[in-house]
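Read off the chains here:
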Amino acid sequence: MNITIRIPSPLRRFTEQAAQIELNANTVGEALMALNAQYPDLQTQLMDEQGKLRNFVNIFHNKIDIKQLQGMESTLDEGSELRIVPAIAGGKK
Amino acid sequence: MSPSLTPSELSRYSRHIMLPEMGVEGQQALKAASVLIVGAGGLGSPLCLYLAAAGIGTLGIIDNDTVDETNLQRQILYNMDDIGLSKVDCATSRLRKLNPYINIQPYHTALSSQNALDIIQPYDLVIDGTDNFPTRYLVNDACVLLNKPNVYGSIFRFEGQATVFNYSKGPCYRCLYPAPPPPGLVPSCAEGGVLGILPAIIASIQATEAIKIITGIGTTLTGRLLIYEALDMKFDELTIVRDQHCCLCGEQPTIKGLTNYQQFCGIADTPIDVTYGEIASQELKTLIDTNTAPTIIDVREPYEREICHIEGSQHIPMQQISNHLQEFDPNQELLFYCKLGGRSAKVCQLFTDNGYQRVTNLKGGIMAWANEIDTTLTQY
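Calculation criteria
- Residues numbered from 1 in each chain as written.
- Chains lettered and ligands numbered in written order.
- Predicted model: local features only at pLDDT ≥ 70, side-chain atom pairs only at ≥ 80, totals over all residues.
- Helix = DSSP H or I, 4+ residues; strand = E, 2+ residues; numbered from the N terminus.
- Buried ≥ 20, exposed ≤ 12 C-beta atoms within 10 Å, placed from the backbone.
- Rg over C-alpha atoms; globule rule 2.2 N^0.38 Å.
- Contact = placed C-beta atoms within 7 Å.
- Nonpolar A, V, L, I, M, F, W, Y, C, P; charged D, E, K, R; others polar.
- Core = buried A, V, L, I, M, F, W, Y, C linked by C-beta atoms within 7 Å.
- Axes fitted to C-alpha atoms, helices over the stretch in contact; angles between N-to-C directions.
- Parallel < 35°, antiparallel > 145°, perpendicular 65-115°, else oblique.
- Domains from an automatic or database assignment.
- Pairing = 2+ DSSP bridges.
- Arc of directions from axis to C-beta.
- Left-handed = near helix turned anticlockwise from the far one by under 90°.
- pLDDT = per-residue confidence, 0-100.

**Considerations on the overall build of chain B**
Summing up its helical and strand segments, chain B has 15 helices and 13 strands in all. Seen through its C-alpha atoms, chain B measures out along the principal axes to roughly 75 × 50 × 40 Å. Burial statistics for chain B: of 380 residues in total, 44% are counted as buried.

**Things to note about the overall build of chain A**
Regarding its fold elements, chain A presents 2 helices and 5 strands. Counting from the amino terminus, helix and strand elements in chain A follow one another as β-β-α-α-β-β-β. Taken over C-alpha atoms, the radius of gyration comes to 13 Å for chain A, in line with the 12 Å a tight globule of 93 residues would show. Across the 93 residues of chain A, 31% fall into the buried class. Counting contacts in chain A only where the partners sit at least 6 residues apart, residues at least 24 apart contribute 56% of the total.

**Some words on the interface of chain A and chain B**
With 21 residues of chain A at the contact, the number on the chain B side is 38 residues. Of all the secondary structure elements, the ones that give two or more residues to the side of chain A that touches chain B are strand 3 (57–61), strand 4 (64–65) and strand 5 (81–86) of chain A. A class-by-class count of the residues in the side of chain A that touches chain B yields 10 nonpolar, 6 polar and 5 charged.

**Notes on the nonpolar core**
Residues and elements named next belong to chain B. Of all hydrophobic cores here, the largest spans 98 residues; its most connected members are Val35, Ile37, Cys48, Leu51, Leu59 and Ala210. Counting residues per element, this core draws most heavily on helix 10 (residues 198–215), which supplies 10 residues. Apart from the residues lying within four places of it in its own chain, the contact partners of leucine 59 are Val35, Ile37, Cys48, Leu51, Ala52, Leu95, Ile102, Ile104 and Gln105. Counting 21 residues, the second largest nonpolar core, distinct from the first, contains Tyr276, Ile310, Phe336 and Val347.

**Section: the packing of helix 3 (residues 23–32) of chain B against helix 10 of chain B**
Residues and elements named next belong to chain B. Between helix 3 and helix 10, whose axes approach to 9 Å, the crossing angle comes to 110 degrees. Considering the angle they form, helix 3 stands roughly perpendicular to helix 10. Touching Gly26, Ala29 and Leu30 of helix 3 are Ile211, Ile214 and Thr215, all from helix 10. Residue composition of the contact of helix 3 with helix 10, by class: 4 nonpolar, 2 polar and no charged.

**Here's the deal with the environment of B:Lys31**
All names here are of chain B. Mapped onto the fold, lysine 31 is located in helix 3. Owing to 22 C-beta atoms within 10 Å, lysine 31 belongs among the buried residues under this scheme. Those residues in contact with lysine 31 that lie beyond four places of it in its chain are Pro3, Leu5, Gly55 and Gly57.

**Quick look at the domain arrangement of chain B**
Splitting chain B by domain gives domain 1 (33–264) and domain 2 (277–372). The straight-line distance from the C-alpha centre of domain 1 of chain B to that of domain 2 of chain B is 36 Å.

**Details of unusual backbone geometry**
One non-glycine residue with positive phi stands out, namely A:Glu16, at about 50 degrees. A positive phi is found at B:Asn166, a non-glycine position, where the angle reads about 55 degrees. Here B:Asn166 is to be found in the loop between strand 6 (159–165) and helix 8 (173–176). Its 28 C-beta neighbours within 10 Å are what place B:Asn166 among the buried residues.

**Focus: the sheet that holds strand 11 (residues 314–315) of chain B**
If you trace the 5 strands from one edge of the open sheet to the other, you get 9-13-12-10-11 (chain B), paired in parallel fashion. Looking at strand neighbours, the two that pair on one side only are strand 9 (277–279) and strand 11 of chain B, the edges of this open sheet.

**Considerations on helix 1 (residues 28–38) of chain A**
All names here are of chain A. When helix 1 is considered as a whole, its buried residues turn out to be Val28, Ala31, Leu32 and Leu35. Taken end-on, helix 1 shows its buried residues confined to a sector of 95 degrees, consistent with a single buried face. Structurally, helix 1 contributes buried residues whose contacts are with strand 1 (2–6), strand 2 (20–24), helix 2 (40–46), strand 3 and strand 5.

**Some remarks on the packing of helix 4 (residues 44–54) of chain B against helix 5 (residues 87–98) of chain B**
All names here are of chain B. The N-to-C vectors of helix 4 and helix 5 enclose an angle of 30 degrees; their axes lie 9 Å apart at closest approach. In this view, helix 4 runs roughly parallel relative to helix 5, as classed from their interaxial angle. Two packed elements cross with a definite hand, and for helix 4 against helix 5 that hand is right-handed. Here Cys48, Leu49, Ala52 and Ala53 of helix 4 come into contact with helix 5, specifically with Ala91, Leu95 and Leu98. Tallied by class, residues from the contact of helix 4 with helix 5 come to 7 nonpolar, no polar and no charged.

**Some details on the confidence of the model for chain B**
Of all residues in chain B, 95% attain a pLDDT of 70 or more, and the chain-wide mean is 92. For this predicted complex, the interface confidence comes out at an ipTM of 0.89, alongside a pTM of 0.82.

**With respect to the environment of A:Thr44**
All names here are of chain A. Among the secondary structure elements, threonine 44 is positioned in helix 2. According to the C-beta neighbour criterion, threonine 44 is partly exposed, with 13 such atoms within 10 Å. For the pair threonine 44 and arginine 54, spaced 10 residues apart in the sequence, the C-alpha separation amounts to 9.0 Å.

Printed below as a string of C-alpha cells:
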C-alpha cells in the first residue's frame, strides 16, 4: 500500500527537514520500519531499546490513535495517512 | 444562584448577551466562574486578556517569572516599561484597567507539588499555559485528583496542540502521554524558537473552550486533540480516548497524590556526575588574562553570535559539531559555550564520549559572561 507519514517539526531534523514521507507498507509496524531504515537517527526518537513505541510518542492512523486499533499490527489501506504526534511542552517562555 | 449583572455590565457585555446561545444567563455564568491560568507567558498573555475581557468573575494567574525583552515578540500582555518586573504584577495591573468588574487573584510563585492542590481547589477550571513537562504533569495530576477540567495548549515552532483533559469522561494528559521525553530530547521554545503569533491562536482556542465549558454551550474538544500547523495553515483533529489502564484516571489508579515531577521528568534535583569540567566566567577571564586559556568554541547559532560573542572564540554551531570532531587533537584543551550553558554541556558530553579528556563547559554561558565580565555585550 502506498501511504504517507507526516513528520512533526520537532522530528524533522532527523528526516532532512521532510514534513511528509511517502512509502510502501501494509501495517503500521512495517511503515515505521521502512521509515527508520530511511532515516536511522529517527529510530531512537520513536522506539525504545525493546523496539516499543516510546511513551511520549503517539501514532495516529487516519486520525485514530493506533492504541485504539491493533497497535503496530494495524493494517494500512491505499492512501492511508500516519501521523506522528510527540509530546510538546512549550507555552510560557 | 448566578450573580446578577449591573446596568454597566449589561452594557459592557452586550455583544455577548445578544448571542442567543449566551444571553444574560451565559454572561452571569461567566461572572460566577473562577478560572486559574497557569503561566503568564506566550499562551497566558492572550488567555488573560480575552478571559478578563469576557468577564470571567475570578481570574487566578500564577507565574514567578519577570518580563524579559525576548518575551515581547509574543507575550502581548507586556510592554517595554515592564522589563524586569514581575509578570503577575504587570498582568494584574493591565487587566484591572481592562476590566474593573472582575477579581484578579495573582500568585507570585511557581506551581509545585506542595502548593498545587491548595491553589487549584477553589477554581472551577484550570488552563495550562506552562512551558515545561514537570509542570504539565503536575497540572494534569492535580486537576484529576481535584476533578477539575484542564484546558490544554502547547506550542512549538510553527505547531500547536489543544484539547480539554479530564472533562466529561474524556482522557487526561497521562492517557495521551504516559511519560515525558527524557530531558534534552525535545528542544524547548527557548532553543527551538516559536512563531510569535502561534500562542495567540492556541490560547484563543483554549479561551473559547473555557467559555464553552462554563456556559455549557457547543461541543468541547474533549476526546479530540486539535493540531494546528501554521506553515500549511491546517487544522487537524485526532481522536483521543480515556485509557482505562491510565495510572491516574484509569479504573485502578496507582497515583493517588502528587509526586516529585522534576524527578519523574528525569530532571535531577542535584547535579549529576559529569565527565567534563565546568568553570565560571571569572575563572575563564583569569585564564585569558594570563594567556593560559583553552581553545574557546561558541556552539550557538550564527544569528546569536551576531548579537554578542566572546572575543577570540571560534564558532561551530551545535548542529554541525559532530562533523568537526576529528579536527581537534584529543589532548587539546577545549572550552565550549552557548547562551546559558545547556547546549554547550551536551557538546562537552559528546566530546568526552568520543575520548576527549580536556573538555570544559562555561557555566551560565555567555549570559553569565555578559553579566559578570563584559557588561558591554548585548544580552538576549
